[in-house]
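Commentary on secondary and tertiary structure
Given next are the chains, with one letter for each unit.
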Protein chains: 2
Amino acid sequence: MNKKRRPTLQDVADQVGVTKMTVSRYLKNPTRVAQSTQEKIAIALETLGYIPNRAPEILAQSTSRAIGVLVPSLTNQVFAEVLRGIENVAGQSGYQTMLAHYGYQAEVEEERVASLLSYNIDGLLLSESYHTPRTVRMIETAGIPVIEMMDSVSPAIQQCVGFDNTAAAYEMVQAMIAQGHRHIAYLGARMDVRTQLKMQGYELAMAEAKLTPLAMTTNDASSFSLGALLLQQTLAKYPYVDSFFCTNDDLAAGVIFECQRQGIKVPEQIGVAGFHGHDIGQSMTPKLASIITPRNDIGRIAATELLDRLNGKEIEQSVIELGYRIDLGETL
Amino acid sequence: MNKKRRPTLQDVADQVGVTKMTVSRYLKNPTRVAQSTQEKIAIALETLGYIPNRAPEILAQSTSRAIGVLVPSLTNQVFAEVLRGIENVAGQSGYQTMLAHYGYQAEVEEERVASLLSYNIDGLLLSESYHTPRTVRMIETAGIPVIEMMDSVSPAIQQCVGFDNTAAAYEMVQAMIAQGHRHIAYLGARMDVRTQLKMQGYELAMAEAKLTPLAMTTNDASSFSLGALLLQQTLAKYPYVDSFFCTNDDLAAGVIFECQRQGIKVPEQIGVAGFHGHDIGQSMTPKLASIITPRNDIGRIAATELLDRLNGKEIEQSVIELGYRIDLGETL
């Protein structure tokens, strides 16, 4: 199937009987041409199926009006909400997003960054703070604004928007200890950088309270069913475990479902806490203890900052810390 | 922030001491140049932070090696799985995806299609079978392959990949009636075309069994919490309802959570069925009755067909029906 010759500005102008310049003015702002002409141009654009063309701008490398967005996973609800925040801002400003995912692998991220940059994207939003040297070099060479999302602590290439994953985990585990839990297991999946940062917070809080950390982790992708499986594995190995701090709400909900299946009472026999404060945990019974994180705001503010910088604004804050909130729910 | 002058093929060639043609050959396939040269070129590419440039190809309108993907929502897990299917195929074939969402609104879809086409995308994957006339006209003008996903019944512009939403709903409601349910309420959210198609299947099955349809619908976005709310509203209005057929698993899980809160036994007092067979329903207790749909396959096959057509293959089947499977779970 071959792309057709698209109607040009000249085709539209010819049909209306005006100059190309008039059509161009109309496209920038319809009210800049006479009202009777506005209608005629609108009809001609529709009849001809006119499509604007960005290629000349892209070739001149001035602007593509597209921003690249990289997320580790498209099925992880955390990033769906970050994306929604980004898309709302970008869409309203007439920017298109080019989205790719890299399955939590820095080498795949490198390939995706190369591909996105080859379209002369104007800016780049990353969900990771760890990159290969070539990724960092390409971003430097491109000379475009880049913002790293999710993590406000790891060093950023230019600017980051997120929260302190380690501090959040530390604070939740402290709260669990304050409630009397002693044998707290940490359930982790994927073992990406953020899962490791959370594990550090967990270990820190356990060490301070002179408690033995019990981590049960896997490189598998997170899911409700995985939470159920990790619960079974943990109880088989450490039958005295009294609570679970899970790297996300999916695992935590899976733990609760499995407790319900096994007749284990939550929170009387087993306490459970998750991470991110998703709707699932907030609406289930008992309501899941979790760390409420600002996913939508991370996307929204990262996109806003990126567009501000594309409009010439300098970076005011290289670290934008959006915080989190501990919610003890009914499962601790 | 200004984009920098990027290193050219000539810059790389100069650093290695070879011709531009050699570097170009290497980029297409490293094994086409001598092994010692391969290493030198790799080092030069890395040191200079070389980024390939697609703009000349895009300007010639021959190919952008990008496909546009439109989904109604980024937070709806259904489309996250469709996207994963698409991305896996597109990424492996060296195609970039340009993703946008349109909030279930045909007018927003029109804007997004115009924007995507302005980048001279090579092909387009849509998640809707209803479009504005201008959307259809622009797609015709562009002369690119387009595939509509999710629905295998509504007429397609060129080709569609999906399943029969009405038949699936009809079959599930028939199964509920066969189990003895009589006062089956349909819970719908968003009221997009697919939700309406499912409602038709529900109404058909109810009419055939001479039962009175009881629909409780809203234009709000679907969520677990909305499922809980719709259950409350339905029971207030129709206290004799004995079961719920929900337009998706999120609403269905929300109904079950609310039943647990209110001490209503599922399935003894209230039967519940969802749609799509997500992990949440499959791992909760009791296991949710649902219609298992091939989301990942829809994305994978749609992307494969699109790339085949970009490689010159003709359409063999204009309707690709992927079917579904009824799973009665433990909630009916």
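No experiment lies behind these values; they were computed from the predicted model shown. (Residues numbered from 1 in each chain as written. Chains lettered and ligands numbered in written order. Predicted model: local features only at pLDDT ≥ 70, side-chain atom pairs only at ≥ 80, totals over all residues. Heavy atoms only, no water.)

**Things to note about the overall build of chain A**
A tally of helices and strands in chain A yields 13 helices and twelve strands. Expected size for 332 residues packed as a compact globule is a radius of gyration near 20 Å; at 25 Å, chain A overshoots this value by more than 25%. Principal axes of the C-alpha set define a box for chain A whose edges measure 85 × 40 × 40 Å. The proportion of buried residues among the 332 residues of chain A is 59%. Counting contacts in chain A only where the partners sit at least 6 residues apart, residues at least 24 apart contribute 68% of the total. Accessible surface computed for chain A: about 13,000 Å², of which carbon and sulfur atoms make up 49%. Across chain A, the mean location of the 29 positive side-chain charges is 8 Å away from that of the 36 negative side-chain charges. (Helix = DSSP H or I, 4+ residues; strand = E, 2+ residues; numbered from the N terminus. Rg over C-alpha atoms; globule rule 2.2 N^0.38 Å. Buried < 20%, exposed > 50% of the residue type's maximum accessible area, 1.4 Å probe, protein only. Contact = heavy atoms within 4.5 Å. Areas by Shrake-Rupley, 256 points an atom, 1.4 Å probe, with all protein chains shown as cover. Lys, Arg positive; Asp, Glu negative; His and termini not counted. Charge placed at Lys NZ, Arg CZ, Asp CG, Glu CD.)

**So, the environment of Leu 230 of chain B**
Residues and elements named next belong to chain B. Mapped onto the fold, Leu 230 is located in helix 10 (residues 224–237). The exposure class assigned to Leu 230 is buried, which follows from its relative accessible area of 2%. Separated by 76 residues in the primary sequence, Leu 230 and Ser 154 place their C-alpha atoms 29 Å from one another. Look past the residues within four positions of Leu 230 in its chain and what remains in contact with it is Leu 187, Gly 188, Met 216, Thr 218 and Leu 251.

**Considering the side chain of Asn 248 of chain A**
Residue and element names in this part refer to chain A. Summarising the element assignment, Asn 248 is placed in the loop between strand 8 (243–246) and helix 11 (249–262). A polar side-chain atom of Asn 248 sits 2.9 Å from a polar atom in the side chain of Ser 222. Sequence-distant contacts of Asn 248, that is, excluding residues within four places in its chain, are made with Ser 222, Gly 274 and Phe 275. (Polar contact = N/O pair within 3.5 Å; in protein donor to acceptor, adjacent residues only side chain to side chain.)

**Here's the deal with helix 13 (residues 295–310) of chain A**
Residue and element names in this part refer to chain A. Spanning 16 residues, helix 13 covers 23 Å between terminal C-alpha atoms, matching the ideal 22 Å at 1.5 Å per step. Taken residue by residue, helix 13 has Arg 295, Ile 298, Gly 299, Ile 301, Ala 302, Ala 303, Glu 305, Leu 306, Leu 307 and Arg 309 as its buried positions. Turning to helix 13, the residues buried within the fold contact strand 1 (66–71), helix 5 (77–92), strand 3 (123–126), strand 4 (146–151), strand 5 (159–163) and strand 11 (319–321). At the C-terminal side of helix 13, Gly 312 shows a positive phi close to 95°. (Expected span 1.5 Å × (residues − 1).)

**Focus on empty space enclosed by the protein**
By the definition in use, this model includes two cavities of 30 Å³ or more. Lining the largest cavity, in full, are Ile 58, Ser 64, Ala 66, Met 98 and Tyr 119 of chain A together with Ile 58, Ser 64, Ala 66, Met 98 and Tyr 119 of chain B. Of the voids in this model, the second largest cavity is the one considered here, and its volume is about 30 Å³. Together, Leu 74, Ala 80, Leu 83 and Leu 99 of chain A together with Leu 74, Leu 83 and Leu 99 of chain B line the second largest cavity. Residue classes in the lining of the second largest cavity are distributed as seven nonpolar, no polar and no charged. (1 Å grid on protein atoms, 1.4 Å probe; cavity = no way out; pocket = protein on both sides within 12 Å on 5 of 7 lines; lining within 4 Å. Points joined across faces, edges and corners; volume = space filled by probe spheres on them. Nonpolar A, V, L, I, M, F, W, Y, C, P; charged D, E, K, R; others polar.)

**Description of the nonpolar core**
Across soluble globular proteins, nonpolar side chains show a tendency to be buried alongside one another. The biggest cluster of nonpolar side chains holds 150 residues, and the ones touching the most others in it are Leu 125, Phe 244 and Phe 245 of chain A together with Leu 125, Phe 244 and Phe 245 of chain B. Each residue touching Phe 244 of chain B, except ones within four places of it in the same chain, is listed here: Met 176, Ala 185, Leu 187, Leu 231, Thr 234, Leu 235, Val 255, Ile 270, Gly 271, Val 272 and Ala 273 of chain B. In terms of nonpolar packing, the next biggest core, distinct from the first, is built from 44 residues, Val 108 and Leu 116 of chain A together with Ile 139 and Ile 144 of chain B among them. (Core = buried A, V, L, I, M, F, W, Y, C linked by side-chain atoms within 4.5 Å.)

**Focus on the relation of the copies chain A and chain B**
Placing chain A over chain B gives an RMSD of 0.1 Å and needs a rotation angle of 180°, together with 0.0 Å of translation along the axis. Here the two chains are linked by the operation of a two-fold rotation axis. The position closest to the rotation axis in chain A is occupied by the C-alpha of Met 98 of chain A, lying 2.2 Å away. When the interface residues of chain A are mapped onto chain B, 100% of them are again interface residues, pointing to one common binding face. (Least-squares fit on C-alpha atoms with pLDDT ≥ 70 in both.)

**Some thoughts on the sheet that holds strand 7 (residues 214–217) of chain A**
Residues and elements named next belong to chain A. Ordered by their spatial adjacency, four strands build an open sheet running 7-6-8-9, and the pairing between neighbours is parallel. Edge positions in the sheet fall to strand 7 and strand 9 (271–273), since each has one partner strand and no second. For this sheet, the mean inter-axis angle between neighbouring strands, taken without regard to orientation, is 20°. As judged from the four bridges shared by strand 6 (residues 184–188) and strand 7, these two strands associate in the parallel manner. Bridge assignment links Ala 185 to a residue of strand 7, and that residue is Leu 214. Helix 9 (residues 193–208) rests against strand 6, strand 7 and strand 8 of the sheet, and its axis sits at about 170° to strand 6. (Pairing = 2+ DSSP bridges. Axes fitted to C-alpha atoms, helices over the stretch in contact; angles between N-to-C directions.)

**So, the packing of aromatic side chains**
Overall, the coordinates contain 13 aromatic pairs over all chains when judged by the stated rule. Seen in terms of ring centroids, Phe 245 of chain B and Phe 275 of chain B are 6.4 Å apart; in terms of plane orientation they differ by 45°. Their pairing is tilted. Highlighted residues: Phe 245 of chain B in strand 8 (residues 243–246) and Phe 275 of chain B in the loop between strand 9 (271–273) and helix 12 (279–283), separated in sequence by 30 residues. Taken together, the ring pairs connect Phe 163, Tyr 186, Tyr 202, Phe 245 and Phe 275 of chain A into an aromatic cluster. When the ring centre of Phe 275 of chain A is taken as reference, the NZ or CZ atom of Lys 198 of chain A above it lies at 4.2 Å. (Phe/Tyr/Trp six-rings, centres within 6.5 Å; stacked < 30°, edge-to-face > 60°. Lys NZ or Arg CZ within 6 Å of the ring centre and 35° of its normal.)

**Section: the UniProt feature "domain: HTH cro/C1-type" (unreviewed entry) in chain A**
When the UniProt feature table is mapped to this numbering, "domain: HTH cro/C1-type" (unreviewed entry) covers residues 8–51 of chain A. In the segment residues 8–51 of chain A, helix accounts for 70% and strand for 0%; the C-alpha atoms at its two ends are 8 Å apart. (UniProt positions renumbered as here; feature names shortened; annotations may be inferred.)

**Some words on the pairing of strand 2 (residues 96–101) of chain B**
All names here are of chain B. Extensive coverage of strand 2 is indicated by the burial of six of its six residues. Residues Gln 96, Met 98 and Ala 100 point to one face of strand 2 and Thr 97, Leu 99 and His 101 to the other, with burial holding for every one of them. Sheet topology places strand 1 (residues 66–71) next to strand 2; six bridges connect them, and they run parallel. By the bridge assignment, Ile 67 is partnered in strand 2 with Thr 97. At this point the chain moves from strand 1, through helix 5 (residues 77–92), to the parallel strand 2, and the crossover so formed is right-handed. (Right-handed = clockwise from strand over helix to strand, strands pointing away.)

**Topic: the sheet that holds strand 7 (residues 214–217) of chain B**
All names here are of chain B. Taken together, the four strands give an open sheet; going across it, the order is 7-6-8-9, and neighbouring strands pair in parallel fashion. Either end of the sheet is taken by a strand with one partner, and the two such strands are strand 7 and strand 9. Geometrically, the sheet is characterised by an average inter-axis angle of 20° between neighbouring strands, direction not taken into account. Sheet strands in contact with helix 9 (residues 193–208) are strand 6 (184–188), strand 7 and strand 8, and its direction is about 170° off that of strand 6.

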